[in-house]
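Examining the three-dimensional arrangement
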Amino acid sequence: MEKVGNIFCIGRNYANHASELGNEIPKEPILFSKPTHALTYADGETICFPNGQGDIHHELEIVLYIDREVNRGDRVDDVVGKMALGLDLTLRDVQTALKDKGHPWLRAKGFKNSAIMTKLWDFPGEEACKKQTFSLTKNGVTVQKGNIQDMMFNFQAIIHECLDVFGLGEGDLIYTGTPEGVGPIADGDEFIFYWGGEEKGRFRVSK
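Now for a description of the structure that goes with this document. For clarity, every value in this text was computed on a predicted model and none was experimentally measured.

Section: the side chain of Gln156
Residue placement: Gln156 occurs in helix H6 (residues 155-165). The class of Gln156 is buried, set by a relative accessible area of 19%.

Brief notes about the sheet that holds strand E4 (residues 43-48)
Read from one edge to the other, the open sheet built from five strands follows the order E4-E16-E15-E11-E12, with strand pairing classed as mixed. Two strands bound the open sheet, and with one partner strand each, they are E4 and strand E12 (141-146). Direction aside, neighbouring strands of the sheet carry axes that sit 20 degrees apart on average. Bridge count for strand E11 (residues 134-138) against strand E15 (residues 190-195) is five bridges, and the pairing is antiparallel. Counterpart to Thr137 in the pairing with E15 is Ile192.

So, the sheet that holds strand E8 (residues 90-91)
Read across the open sheet, the three strands follow the order E8-E5-E14; overall the sheet is antiparallel. With partners counted over all chains shown, the strands left at the sheet margins are E8 and strand E14 (183-184), one partner each. Note: strand E5 (residues 56-58) against E14, two bridges, orientation antiparallel. Pairing of His57 across the sheet is with Pro184, part of E14.

Describing the state of the cysteines
Throughout the structure, instances matching the rule amount to zero disulfides. Considering cysteine sulfurs only, Cys9 is the nearest to Cys162, which forms no disulfide, with 9.0 Å between them.

A closer look at the side chain of Glu61
One can find Glu61 in strand E6 (residues 60-66). Comment: no salt bridge for buried Glu61; closest opposite-charge side chain is Lys109, at 5.9 Å. Within the structure, Glu61 has its side chain in polar contact with the backbone nitrogen of Gly177 (distance 2.7 Å). Leave out the neighbours within four places in its chain, and Glu61 touches Ile10, Ala84, Leu85, Gly86, Asp88, Phe134, Tyr175, Thr176, Gly177 and Thr178.

Side note on the nonpolar core
Formed by 46 residues in total, the largest nonpolar core has its most connected members in Phe49, Ile159 and Phe203. Broken down by element, the residue count for this core peaks at five residues, all from H6. Setting aside residues up to four positions removed in sequence, Phe49 forms contacts with Ile56, Leu89, Phe111, Asn113, Ile116, Ile185, Phe203, Val205, Ser206 and Lys207.

Things to note about the environment of Ser206
The residue Ser206 is located in strand E16 (residues 198-206) in this model. Sequence-distant contacts of Ser206, defined by excluding residues within four places in its chain, comprise Thr46, Ile47, Cys48, Phe49 and Asp187.

Points about the packing of aromatic side chains
Enumeration over the complete set of coordinates arrives at seven aromatic pairs. For the pair Phe49 and Phe203, a centre-to-centre distance of 6.3 Å together with 65 degrees between the ring planes defines the contact as edge-to-face. You can see Phe49 sitting in the loop between E4 and E5 and its partner Phe203 sitting in strand E16, a full 154 residues away along the chain. Each of the two residues, Phe49 as well as Phe203, counts as buried.

Notes on the pattern of salt bridges
This model, assessed by the stated rule, comprises 13 salt bridges. Between Arg75 and Asp78 there is a salt bridge whose closest N-O contact spans 3.4 Å. Owing to a relative accessible area of 47%, Arg75 belongs among the partly exposed residues under this scheme. Take Asp78: its relative accessible area is 37%, and that puts it in the partly exposed class.

Here we look at the environment of Ala128
For Ala128, the location among the structural elements is in helix H5 (residues 126-130). With a relative accessible area of 33%, Ala128 lands in the partly exposed category. For the pair Ala128 and Gly5, spaced 123 residues apart in sequence, the C-alpha separation works out to 26 Å.

Cut-off values and rules
- Residue indices begin from 1 for each chain and proceed along its sequence in written order.
- Only residues with pLDDT of at least 70 get local features here, since the model is predicted, and only at 80 or more are side-chain atom pairs given and counted; chain-wide, interface and lining totals rely on the full set of residues.
- Excluding hydrogens and water, the side-chain figures rest on all heavy atoms present in the structure.
- Strands here mean DSSP runs of E at least two residues long; helices mean DSSP runs of H or I at least four residues long; both are numbered from the N terminus.
- When accessible area is computed with a 1.4 Å probe and restricted to protein chains, residues below 20% of their type maximum are described as buried, those above 50% as exposed, and intermediate ones as partly exposed.
- By this definition, two strands are paired if DSSP reports at least two bridges between them.
- Lines fitted to the C-alpha atoms define the axes, with helices restricted to the stretch that makes contact. Angles between their N-to-C directions range from 0 to 180 degrees.
- Any pair of cysteine sulfurs within 2.5 Å is marked as a disulfide.
- Positive residues here are Lys and Arg, negative ones are Asp and Glu, while His and the chain termini are left out of the count.
- Take a side-chain nitrogen of Lys or Arg and a carboxyl oxygen of Asp or Glu: if they are within 4 Å of each other, that pair is a salt bridge.
- Pairing of N or O atoms within 3.5 Å defines a polar contact, subject to two protein rules: one partner must be a possible hydrogen donor and the other a possible acceptor, and residues neighboring in sequence count only if both atoms are side-chain atoms.
- Residue contacts are counted whenever heavy atoms from the two residues lie within 4.5 Å of one another.
- Note on terminology: a nonpolar core comprises buried Ala, Val, Leu, Ile, Met, Phe, Trp, Tyr and Cys residues joined through side-chain atoms within 4.5 Å.
- Only the six-membered ring of Trp is used, alongside the rings of Phe and Tyr, when aromatic pairs are assigned; centres must lie within 6.5 Å, and planes under 30 degrees apart are stacked while those over 60 apart are edge-to-face, with the rest tilted.

Structure below.
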């Protein structure tokens, strides 16, 4: 298993997703992070989630794995060694209450098992990723599907922003934003991740 450092996330990076939640389109990348304890893997097992805290929404994302220290001017293809598909899970009711109070999102975004990820595979390059769709099925029905050409901030912009604000080094993960179609998870649901037509991981929900 590869070393994992920080977990950085990009919010509202697909216009249609921002619109479906009634949010404004951002003029710069929205950044947040998750604790490393939030990370778990879509390896076919059942994953447990909080109950009694309102809806938990799935947000399908491409995850970039940084394989060396990043410096200003580095290109995406030079510093991203691997990639995966993941879910940024959100306690949506909790997040809404926190936003209304002007509080940070951490309780809604950083709970245990809130950063799900498939196994990593070799990054084929940003241009190759533009030619491939990624998708998520829930109980056999496709609920989210995306392509990075629909991003408002591309991989290069995301990496520069994370570098300028936080710094980036070996083992850091970047969740790059979710396309439209987010929705709640329920006890017994089975989710499967696809890169094109290739299954990359799956898990079942317990809550």
